[in-house]
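Read off the chains here:
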Amino acid sequence: MIDKELTTRLLQDMVRINSVNPGLDDLGAGETDVAAWIADLCRSWGLDVELQETAYERPNVIATWRGTGGGQSVLLTGHTDTVSLENMLGDPLDGRVEGNRLYGRGSYDMKGGLASILGAVEALRREGFQPRGDVILGFVTDEEYLSIGTDALVQHIKPDAAILTEPTELRLCIAHKGFAWINLVTHGVAGHGSLYQTGVDAIATMGRLLAALARFEREIFPARQHPLLGRASAHASMISGGLGLSTYPDHARLQVEHRLLPDETGDDVLTLWEDVLDVLTDADSRFNGEVELEFYRPGYEIALDAPIVQTVQNAATEIMGKAPEVYGMWAWLDSAILGRAGIPTVIFGPGGRGAHAAVEWVNLDDVFTCAQVLADAVKAWTS
Ligand SMILES: [Zn+2]
């Protein structure tokens, strides 16, 4: 049985430790303090604890409960960083409890999920459970920015499966989207605003690329549908250009974000834009544009009948008294990196509200339920 009081206190302690991602916020405290706190706790439980430096003063915690041998290993994982405290209402780190809600930045995304992992392991050890396969706890940095934490983690360990406890409202998440950031530049010819014969307007030219983006949304993306994730999408994120009111602009720059279905890649997006550029260049000799892929993360998908998915589904059905809803998440998650590294991963975590918002809370009952599901799944998987 999960120790609810202890699990609540562990969560409260973690929420009270500032771990704002310094990649998102110059004043961000980073993951050092929360990692040290988790490492101490895991050491006190007798786990083998390693701090893996993912960047200067940004450690992953890898805590291993060694199996007795012959069983499958499992990674229970989640991120220790949070988004900024700015614009939050009240004290963002007070970790106060009201009813079954625990409030504070990171409570929902995703220290609640970390508390479920810790509560599960504490219960299993107290009950005298002996895993045959290793139970590895991975508390990683930087998911909210570039995911250097999980990138480093998969260089170091290769478990047989993973459970990521991002908040899913106790639903079973088996797919999520990827994303790609694209830079588009159009080149014009600068000139006095009266000299239409020689000036080439790079901003007006960029309009043709915006029109292409609208066409993707209208015609291209709706043609492909994923059963859990709907369609791909793209939106203009930022635009700049121009030299002055009386001058033809020599260049314009547009940044676009694409959200991808699991089987779509950054190269697919590049090809889409290159085709557009080719057509526009052929149609108008003065058109001059280029495209570049700035950053890309693939989406993720695992079969419902994959063993780790079935293990968590069975445990959840048993504990919750009904089968958990199976769904896909639109946001990107670290499971894509785990999956790419050959680690079958399922996502299952507590519910709440306010990820990245002014008021954030996690449902404590869900934290306990998730912990119990994890405990039973670990038993079934590693025995
Ligand atoms: Zn998260």
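Refer to the structure presented above.
Residues numbered from 1 in each chain as written. Predicted model: local features only at pLDDT ≥ 70, side-chain atom pairs only at ≥ 80, totals over all residues. Heavy atoms only, no water.

A. Just the sheet that holds strand β11 (residues 233-241), in detail. An order of β11-β13-β9-β14 is seen for the four strands of this open sheet, with the pairing classed as antiparallel. The open sheet has two edge strands with one neighbour each: β11 and β14 (289-297). If you compare each strand with its neighbour and ignore which way they point, the axes differ by 20 degrees on average. Two strands pair when backbone bridges link them, and strand β9 (residues 178-187) and strand β13 (residues 251-260) are joined in this way by 10 bridges, in the antiparallel orientation. If you follow G178 over to β13, its bridge partner there is L260. (Pairing = 2+ DSSP bridges. Helix = DSSP H or I, 4+ residues; strand = E, 2+ residues; numbered from the N terminus. Axes fitted to C-alpha atoms, helices over the stretch in contact; angles between N-to-C directions.)

B. Molecular detail of the environment of Q130. Structurally, Q130 can be placed in the loop between α3 (107-126) and β6 (135-140). Residue classification places Q130 among the exposed residues on the basis of a relative accessible area of 52%. (Buried < 20%, exposed > 50% of the residue type's maximum accessible area, 1.4 Å probe, protein only.)

C. Highlighting the coordination of the zinc ion. Bound to the zinc ion on the protein side are H79 (NE2), D109 (OD), E166 (OE) and E166 (OE), at distances that span 1.9 to 2.7 Å. Seen from the zinc ion, its four donor atoms lie at angles of 52 to 152 degrees, and the figure they make is irregular. Donor residues for the zinc ion sit on one chain with the sequence pattern H-x29-D-x56-E. Placement of the pair is D109 in helix α3 and E166 in the loop between β7 (162-164) and β8 (172-176), with a sequence separation of 57 residues. For D109, a relative accessible area of 9% translates into the label buried. When its relative accessible area of 4% is taken as the criterion, E166 is described as buried. (Donors = N, O, S within 2.8 Å, 3.2 Å for Na, K, Ca; no water. Tetrahedral: all angles 85-135°; square planar, octahedral: opposite > 155°, others 65-115°.)

D. View of the environment of E217. Structurally, E217 can be placed in helix α5 (residues 202-220). On the accessibility criterion, E217 (24% relative accessible area) is partly exposed. Considered as a pair, E217 and R231 are 14 residues apart in the sequence and their alpha carbons are 9.6 Å apart. If near-sequence neighbours (up to four positions away) are discounted, E217 is found in contact with P222, R231, S233 and A234. (Contact = heavy atoms within 4.5 Å.)

E. Spatial organisation of the layout of surface pockets. When its volume is computed, the largest pocket comes out at roughly 510 Å³. Along the walls of the largest pocket sit 24 residues, with E143, E144, A331, W332 and H356 positioned nearest its centre. Elements that contribute at least two residues to the lining of the largest pocket include exactly α3, β9, β13 and β16 (326-329). For the lining of the largest pocket, the per-class residue count stands at 12 nonpolar, three polar and nine charged. At the level of elements, β13 and α6 (266-283) are the ones that each hand at least two residues to the lining of the second largest pocket. With three residues, α6 is the single largest residue contributor to the lining of the second largest pocket. (1 Å grid on protein atoms, 1.4 Å probe; cavity = no way out; pocket = protein on both sides within 12 Å on 5 of 7 lines; lining within 4 Å. Points joined across faces, edges and corners; volume = space filled by probe spheres on them. Nonpolar A, V, L, I, M, F, W, Y, C, P; charged D, E, K, R; others polar.)

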